[in-house]
Amino acid sequence: MAFQMTRRSFLQASATAALTTALSGWLASGAKAQSGFVKKPFTAPGSFGNTTTVTGGICEMCFWRCQLVGKLRDGKLVKLEGNPKSVDNGASLCARGNAGVKLLYDQDRLKFPLKNVGKRGAPVWKKISWDEALDECAARLQGVIKNNGPQGIAIFPHGASATYPMHYFEHVVGTPNNSEASFFQCRGPRDIAYINTFGVEAGESVDMPNAKAILLIGTHIGENIHVSQVKQYLKGLENGAKLIVVDPRFSASAAKADIWVQIKPGTDSAFLLAIMNYLVKKGAYDKAYVQKNGEGFDKFAKAIAHAELEWAAKICDVSAAQIKEVADLLAKSAPHVSVHPGRHVTWYGNDFQRERALACLTGLLGAIGVKGGFVKAKGPKLGKVAWPDIGVEHAEQFALHKMAEKHKFSPPGTPTEMLRNTAISGKPYSIKACVIWGQNPIQTIPGQQETIKMLQQMDFVLVVDLMPTDITMYADILLPELSYLERYDIVKTGVQWDFNDKHQQYIAPRMPLVSQVSADHQRKDSVWITNELAKRLGHAKHIPAPSAEAMVDKILAAANLTLAQIKKEDGIHLQPGSNPYGAVYPIKFFNEDLAEAGYSGAPNYTPVPEPPQGFARLVYGRVPVHTFNRTMNNVWLNAEIPENPIWLSEETAHKLGLKSGDKVNLVNQDGVVSANAVTLKVTQGIRKDTIFTAHGYGTKNPAMTNAVNKGFDEQSLITNPAVDPETGAHGMRTSFVRIMKDGKILNIPS
Amino acid sequence: MTNSKTRTPAALYYFLAQSFRYPEQAWLCEPYFDLLDSIVQNLDLNNDALWLRQSYCANQEGLEILQIEHTRLFINAHPAVIAPPYSSVYLDQEGNLFGPSAVWVRKFYQQHGFELSGEGDIPDHLVLELDFIALLLDEGLYDEAEQFLNEHFRKWFPLFKKRVLSGSTNKFYYTLLTLVDFFTQEEP
Ligand code: SF4
């Protein structure tokens with residue numbers, strides 16, 4: 001619009017009676033908010049500005065929880081570093097850890113409670129107050145509880161902050177329908193398999209620095225970065241450990257391997273059975289250890305007796321000589337062998353048995369409690385803050401896998417596939433509300449269309465997150481959480497990373513490095529949010545901790561510590577540790593409980609479907625600068641590796657006339673086309689029957705302005721997930737794909 | 001500062017700052033629209049003020065429309081937020097919050113005797129910058145206000161305004177952006 005006057009003339013004229021009256025009327029009305037300033041005389045800062053170091057940070061750019069310090073300049077976090085007092089990661093952080101600064105100030109972060117006044121999947125957001133948001137959540141959850149029972153609520157948690165609300169919904173509200181991505185789409189089969197072999201959880205408890213041999217099945221350390229684990233691994237290699245890597249792809253680990261077994265995907269269990277059978281037949285196992293601690297060894301030996309080297313060689317598409325070479329190397333290095341349990345193990349739906357095989361192999365080699373073997377650190381003891389179990393009995397009755405007598409070795413919670421099917425079908429009961437906390441089920445769970453169907457039939461969907469990830473598009477109410485740099489949260493404990501060093505234990509609670517309050521947002525921590533919900537749902541008297549800070553203090557009290565004390569100790573309390581070696585675990589080579597439940601009591605190999613003619617199997621993994629989708633919007637990390645190339649074997653590329661740098665899509669067996677064309681990487685480092693890419697890319701929510709449409713989401717192609725019979729966990733390396741270039745679909749030659 | 005002492009120009013900038021806060025009934029009230037009316041009339045702008053008053057004042061439905069628009073323009077949105085009201089987003093390469101220009105702004109505040117009241121507040125929010133100009137004017141620091149406009153505000157506000165206008169036809173924000181532009185642009 002054109003102005004009839006200048007600002008100057010306006011201001012001169014502003015003494016006009018009408019304007020003056022209006023101005024004083026407005027000022028007098030009290031409608032003007034307080035200004036965001038206070039007066040403070042200026043003092044010139046020194047040459048380092050006003051830089052201060054704040055201790056007590058615990059990284060959550062992934063879930064390894066390295067200990068941090070933050071450099072603050074005038075209230076702005078300018079840098080993150082490893083806490084020099086740390087005996088775990090030390091002063092080191094990985095690229096993601098460093099880039100945490102950019103998460104804190106990401107312009108796309110969720111800032112205020114939002115209400116969806118549009119539709120699920122096509123939201124229109126309205127900022128609302130916390131009271132309004134919480135009242136609405138409570139009323140709508142209450143409605144579902146009233147109509148459908150507590151089991152009508154499903155929860156999808158992920159990350160440290162989700163633990164407290166998860167326990168609330170399970171233990172107090174009383175729903176069994178908890179689908180934790182970290183179990184059902186990641187570690188579940190591993191943890192349950194080791195518990196049912198050694199009686200303890202696997203963790204990644206292998207003493208790699210002191211190993212003579214390290215066996216990695218699919219694990220690609222180097223692309224998968226967890227700082228202290230990488231240190232252990234590299235120390236082991238430096239100390240001369242022989243590295244065996246079993247992987248269809250020339251991974252970062254394969255590149256360092258003494259033996260690279262380029263196995264056919266899906267056949268790892270056959271490979272492991274053959275090695276064990278060979279060792280047993282040859283008598284090249286730790287007889288003393290097995291005799292003393294083994295259970296069901298004879299049955300086990302019999303059950304795997306068919307697994308000859310030649311048998312496995314054929315299945316695994318590797319030479320019998322190579323399998324023998326691996327077996328001999330393991331035997332020669334025993335008991336100082338790190339048989340790595342892996343981390344993300346939900347591959348083919350036969351994963352529990354593969355993990356059982358890894359545990360049994362560890363036992364056969366006597367590689368338990370000895371240098372280089374499976375060794376559990378002796379960490380410090382802490383207290384617990386727990387919701388009372390008032391709803392657990394109810395929850396148990398409605399646990400879907402128990403009702404159906406399936407997946408009898410499920411990790412805690414309910415297998416995702418059953419939960420989702422129940423929600424969609426309404427059988428055996430209705431699931432009508434969904435609480436999603438820190439998880440992005442669109443990308444964590446295979447079968448996206450089913451997930452969307454499940455969401456669409458809900459009466460209420462609550463999402464709590466940091467960033468507007470894809471799942472947030474389906475929320476009715478979307479709540480913003482404080483990040484790991486702004487909140488009190490878990491207490492990280494552990495010991496020094498190398499058992500050769502002085503034995504020390506550490507206790508490091510997560511403490512905020514920057515202020516929790518800001519005029520720019522109203523983010524809250526999960527303890528506050530959950531407590532406010534609990535109050536509104538009539539559970540005020542069960543609240544175990546009034547705040548996150550109080551929760552941490554309670555946990556610390558059992559170790560005679562306080563937050564105040566640990567602050568004085570620069571964020572990490574160190575105390576003398578003890579020698580972790582010498583632990584002995586009974587080994588269930590043949591597990592009678594499994595057999596009784598109708599599963600194989602000895603580890604077995606179940607063949608997986610073969611790629612149809614013209615297709616290759618799609619496998620996926622990680623890149624060192626990203627943690628799935630969680631880091632994709634981070635400007636620094638995004639700039640490092642913005643998209644996920646597709647790895648294709650040189651021979652295939654040659655036949656199809658493709659070259660590195662071509663832009664291609666993938667099409668799966670159900671005709672689903674990947675959303676964005678990405679760069680082709682032609683390499684000798686992958687089998688012909690396999691195509692690889694990195695997970696977590698291809699964000700669809702445009703509200704993630706850096707990440708949106710960068711790379712493609714391989715989860716969108718996983719439309720035929722397998723389900724592990726024992727655990728109910730998903731198998732996700734089950735998709736078969738062809739290449740599409742310029743709209744033309746190309747068959748993969750066999 | 002007390003109301004009685006506030007001078008006319010300062011009050012105008014407080015008014016502009018207020019206009020970009022989250023729309024609430026508490027401030028979208030008669031006196032607010034009286035003032036808006038008066039300014040618009042003095043400027044001989046098309047008389048949208050009446051329409052705005054009818055649409056948004058004491059009108060629950062209109063208020064909600066404005067709240068949704070504010071959320072979409074400045075907070076979080078689907079498909080994407082239109083225009084985060086922070087200078088860093090427009091001036092600094094990475095487009096993150098709290099970039100170098102925000103640091104510059106904070107220093108400018110400090111050098112002129114002002115500190116943000118919240119430890120975690122981000123300095124270069126549009127509301128804060130307009131409030132700050134008002135504070136300077138309140139103290140009679142006209143040259144400093146001009147310096148702030150010249151060295152900082154005018155570098156990003158037009159970019160911000162352009163982004164809002166390219167993604168929104170909302171008359172309230174159109175009018176207010178026009179007013180901010182008028183009261184901050186360089187004059188011969
Ligand atoms: S490994 Fe990297 S991202 Fe993970 S906790 Fe450590 S520094 Fe953070």
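In this text the structure is predicted, and so the values were computed from the model without any measurement.

Scanning chain B from N- to C-terminus turns up 9 helices and 1 strand. Listing every helix and strand of chain B by position from the N terminus yields α-α-α-α-α-α-β-α-α-α. The C-alpha atoms of chain B give 16 Å as radius of gyration, which agrees with the globular expectation for 188 residues (16 Å, within 12%). Based on the C-alpha atoms only, the size of chain B along its principal axes is roughly 45 × 45 × 35 Å. Out of the 188 residues in chain B, the part that is buried amounts to 65%. Long-range contacts, defined as pairs at least 24 residues apart, comprise 62% of the intrachain contacts of chain B with a sequence gap of at least 6. On chain B, roughly 7000 Å² of surface is accessible, and the fraction owed to carbon and sulfur atoms is 49%. Considering chain B, the positive charge centre built from 13 side chains and the negative charge centre built from 26 side chains are found 3 Å apart.

Below, the discussion takes up the overall build of chain A. Scanning chain A from N- to C-terminus turns up 25 helices and 28 strands. In summary, chain A has a C-alpha radius of gyration of 28 Å against a globular reference of 27 Å for 750 residues, a match within 12%. Structurally, chain A occupies a C-alpha span of about 105 × 65 × 60 Å along its principal axes. Per-residue burial for chain A yields a buried fraction of 62% across its 750 residues. Of the contacts made within chain A by residues no fewer than 6 positions apart, 74% connect residues no fewer than 24 positions apart. When the 83 basic and 69 acidic side-chain charges of chain A are each reduced to a single mean position, those positions are 4 Å apart.

Our next topic: the pattern of salt bridges. Residue and element names in this part refer to chain B. Enumeration according to the criterion identifies 49 salt bridges over all chains in this entry. In this structure, E30 engages R53 in a salt bridge whose closest nitrogen and oxygen atoms are separated by 2.6 Å. Of this pair, E30 sits in helix α2 (residues 30-42) while R53 is found in helix α3 (residues 49-56), placing the two residues 23 residues apart along the sequence. Exposure remark for E30: the relative accessible area of 44% places this residue in the partly exposed category. In this structure, the salt-bridge partner of E146 is R154, at a minimum N-O distance of 3.1 Å.

This brings us to the side chain of R106 of chain B. Structurally, R106 of chain B is set in helix α6 (residues 100-111). Within the local environment of R106 of chain B, its side chain forms a polar contact with the backbone oxygen of D74 of chain A, the two atoms lying 3.0 Å apart.

Once that is clear, we can look at the interface of chain B and chain A. Counting residues at the interface gives 75 residues for chain B, matched by 64 residues for chain A. Carbon and sulfur atoms make up 61% of the area that chain B and chain A hide from each other, which totals about 6300 Å². Counting every contact that joins chain B to chain A gives 4 salt bridges. Taken together, the connections running from chain B to chain A amount to 28 residue pairs in polar contact (both at pLDDT 80 or more).

All names here are of chain A. Across the sheet, 4 strands lie side by side as β10-β9-β8-β12; this open sheet has parallel pairing. At either margin of the open sheet sits one strand with a lone partner, and together these are β10 (259-261) and β12 (337-339). Direction aside, the axes of adjacent strands within the sheet are offset by 10° on average. Pairing between strand β8 (residues 213-217) and strand β9 (residues 242-246): 5 bridges, direction parallel. In the sheet register, L216 faces β9, and the bridge partner there is V245.

Residue and element names in this part refer to chain A. By the alternation rule, side chains of strand β15 (residues 477-480) split into I477 and L479 and L478 and P480, which are all buried. Examined bridge by bridge, strand β5 (residues 114-116) and β15 share 2 bridges and lie antiparallel to one another. Each bridged residue has a counterpart across the sheet, and for L114 the counterpart in β15 is L478. Bridge count between strand β14 (residues 460-465) and β15: 4 bridges; the pairing is parallel. Residue pairing in the sheet places D465 in a bridge with P480 of β15.

Within the fold, H542 of chain A resides in the loop between α20 (526-536) and α21 (548-557). Among residues more than four places away in sequence, those in contact with H542 of chain A are V172, W387, P388 and I390 of chain A.

Here we come to the layout of surface pockets. All names here are of chain B. The computed volume of the second largest pocket comes to approximately 590 Å³. Counting only elements with at least two residues in the lining of the second largest pocket, the list comes to α4 (60-75) and α7 (126-138). For the lining of the second largest pocket, a count of residues per class yields 11 nonpolar, 9 polar and 7 charged.

Turning our eyes to something else, we now look at the site of the ligand. All names here are of chain A. In the vicinity of the ligand, 13 residues are found, and the nearest of them are C59, C62, R65, C66 and C94. Residue composition of the shell around the ligand, by class: 9 nonpolar, 2 polar and 2 charged. Counting the residues that make up the shell around the ligand, at least three belong to each of domain 1 (51-104) and domain 2 (206-364).

Moving on: the sheet that holds β5 of chain A. Residues and elements named next belong to chain A. Taken together, the 6 strands give an open sheet; going across it, the order is β6-β5-β15-β14-β13-β7, and neighbouring strands pair in mixed fashion. Each edge of the open sheet carries a strand with a single partner, namely β6 (125-127) and β7 (153-157). In this sheet, neighbouring strand axes are inclined to one another by 15° on average, regardless of whether the strands run parallel or antiparallel. Sheet topology places β5 next to β6; 3 bridges connect them, and they run antiparallel. Paired with N116 across the two strands is W125, which belongs to β6.

With that out of the way, let us pick up the packing of aromatic side chains. Within the structure shown, the criterion is met by 53 aromatic pairs over all chains. Measuring from centroid to centroid gives 6.0 Å for W347 of chain A and Y348 of chain A, while their planes differ by 80°, and the two rings are edge-to-face. The buried category is assigned to W347 of chain A, whose relative accessible area is 5%. A relative accessible area of 7% places Y348 of chain A in the buried class. Relative to Y32 of chain B, the ring of F15 of chain B lies with its centre 4.7 Å away and its plane at 25°, an arrangement referred to as stacked. Of this pair, F15 of chain B sits in helix α1 (residues 8-19) while Y32 of chain B sits in helix α2, placing them 17 residues apart in sequence. Residue F15 of chain B is classed as buried on the basis of its relative accessible area of 0%. One Lys or Arg, K32 of chain A, reaches over the ring of Y14 of chain B and ends 4.0 Å from the middle of that ring. Taking NZ or CZ as reference, R733 of chain A lies 4.7 Å from the ring centre of Y620 of chain A, over its face.

Quick notes on the rules
Residues numbered from 1 in each chain as written. Chains lettered and ligands numbered in written order. Predicted model: local features only at pLDDT ≥ 70, side-chain atom pairs only at ≥ 80, totals over all residues. Heavy atoms only, no water. Helix = DSSP H or I, 4+ residues; strand = E, 2+ residues; numbered from the N terminus. Rg over C-alpha atoms; globule rule 2.2 N^0.38 Å. Buried < 20%, exposed > 50% of the residue type's maximum accessible area, 1.4 Å probe, protein only. Contact = heavy atoms within 4.5 Å. Areas by Shrake-Rupley, 256 points an atom, 1.4 Å probe, with all protein chains shown as cover. Lys, Arg positive; Asp, Glu negative; His and termini not counted. Charge placed at Lys NZ, Arg CZ, Asp CG, Glu CD. Salt bridge = Lys/Arg side-chain N within 4 Å of Asp/Glu carboxyl O. Polar contact = N/O pair within 3.5 Å; in protein donor to acceptor, adjacent residues only side chain to side chain. Buried area = accessible area lost by both parts, 1.4 Å probe. Pairing = 2+ DSSP bridges. Axes fitted to C-alpha atoms, helices over the stretch in contact; angles between N-to-C directions. 1 Å grid on protein atoms, 1.4 Å probe; cavity = no way out; pocket = protein on both sides within 12 Å on 5 of 7 lines; lining within 4 Å. Points joined across faces, edges and corners; volume = space filled by probe spheres on them. Nonpolar A, V, L, I, M, F, W, Y, C, P; charged D, E, K, R; others polar. Near = heavy atom within 4 Å. Domains from an automatic or database assignment. Phe/Tyr/Trp six-rings, centres within 6.5 Å; stacked < 30°, edge-to-face > 60°. Lys NZ or Arg CZ within 6 Å of the ring centre and 35° of its normal.

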